[in-house]
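# A structural walkthrough
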Amino acid sequence: MKKRVTALLLVLVCTAALCSCDAMRAFFGFEVSEDRLVGSEVSVTDYGFVDDATGIEYVMFSNPISVYALEIGDPYCNDGISQYYEIPWQDPSEYLCDENGWVYRASDLPDISMKSFSPVSAFVYYGSVYLTTLYCEEKYRDDSVSYPDDTVFDDDSELIYAIRDAVIYGDSVELPTELNDENTFYIRMLSPEYPGLYYVVMFTQDNDGVCYLYDRASRTAVIATDSIVREFLGND
């Protein structure tokens, strides 16, 4: 994976010199419909809103930047100022999102954790820029897609599960305040349990060379194992 990341970082540096900030944002950001304030009206609460049409209360996650919508769907409801949207592949009675992709869950649903999310693949980002995909094992591939008989698939499941297990079972440590931005990556974990969402884990390094995984949902950091560090940084 290190080779994939290094090559794409070089492309990114060249591309950034040619593209304006607005163009980069348009390319890598969400494409949100210009439709404004359509759908049922909601009543604003301290932590979210209640859909007046269904009576369902929606609240943000304990850490709103831990889970995002993969895509923004059709407008669903509004509070008179902000529009809320369906999330493709998720039941709107359970999850909605705003125009930034921030997710609101039905109040009777628990926060999503790494354990309940159960990731099988991931997208790796440098800031907001896509670098590479960590591919799932064969049993999770889409059976509806036809591939040539001689197709060779990447399988990054060992790395995915190593990240998952480190976050769930690793000993929590304090995340330093000063980090090496050049070696900081955002891992957007993907799961068949929540096909329309992604779960963010940060891989980062401090100024002493120690590498961490930071789980936004639980607000905890663990030391990244040697195998994970090798995949991201190529260190022996």
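Residue indices begin from 1 for each chain and proceed along its sequence in written order. Given that the model is predicted, a residue must reach a pLDDT of at least 70 before its local features are reported, and side-chain atom pairs must reach 80 or more before they are shown or counted; all residues, however, enter totals for whole chains, interfaces and linings. Only heavy atoms go into the side-chain values, all of them from the structure, while hydrogens and water stay out.

Centre distance and the angle of the planes are the two values used to describe a pair of aromatic rings. Think of it this way: a Phe, Tyr or Trp ring, Trp meaning its six-membered ring, pairs with another when their centres are within 6.5 Å, and the plane angle makes it stacked under 30 degrees, edge-to-face over 60, tilted otherwise. Under the defined criterion, the tally for this structure stands at 15 aromatic pairs. The interplanar angle of 80° and the centroid separation of 6.2 Å between the aromatic rings of Tyr-95 and Tyr-194 together place this pair among those described as edge-to-face. Of this pair, Tyr-95 sits in strand 7 (residues 95-97) while Tyr-194 is found in the loop between strand 12 (185-190) and strand 13 (197-205), placing the two residues 99 residues apart along the sequence. When sorted by exposure, Tyr-95 lands in the same class as Tyr-194, which is buried. In textbook terms, an aromatic cluster arises when at least three aromatic residues are bridged by ring pairs, as seen for Phe-61, Tyr-95, Phe-117, Tyr-194 and Tyr-199. Should the NZ of a Lys or the CZ of an Arg lie within 6 Å of a ring centre and within 35 degrees of the ring normal, that charge is described as sitting over the ring. A cation sits over an aromatic face here: Arg-105 above Phe-61, 6.0 Å from the ring centre. Its guanidinium or amino end placed over the ring of Tyr-125, Arg-188 lies 3.5 Å from that ring's centre, counting from NZ or CZ. Helix numbering and strand numbering both begin at the N terminus, where a helix is a DSSP run of H or I of at least 4 residues and a strand a DSSP run of E of at least 2. Exposure is judged per residue with a 1.4 Å probe applied to protein chains only, and the accessible area is read against the type maximum: over 50% gives exposed, under 20% gives buried, and values in between give partly exposed.

This paragraph deals with the environment of Leu-197. By secondary structure assignment, the location of Leu-197 is in strand 13. A relative accessible area of 0% places Leu-197 in the buried class. Between the C-alpha atom of Leu-197 and that of Ile-87, which follows or precedes it by 110 residues, the distance is 8.1 Å.

One non-glycine residue, Ser-118, lies in the positive phi region at around 50°. You can see Ser-118 is positioned in the loop between helix 3 (114-117) and strand 9 (121-126). We note that Arg-219 has phi near 55°; this positive angle belongs to a residue other than glycine. Tracing the chain through its elements places Arg-219 in the loop between strand 14 (211-215) and strand 15 (220-223). A residue is classified by how much of its surface remains accessible, and Arg-219, at 46% relative accessible area, is partly exposed.

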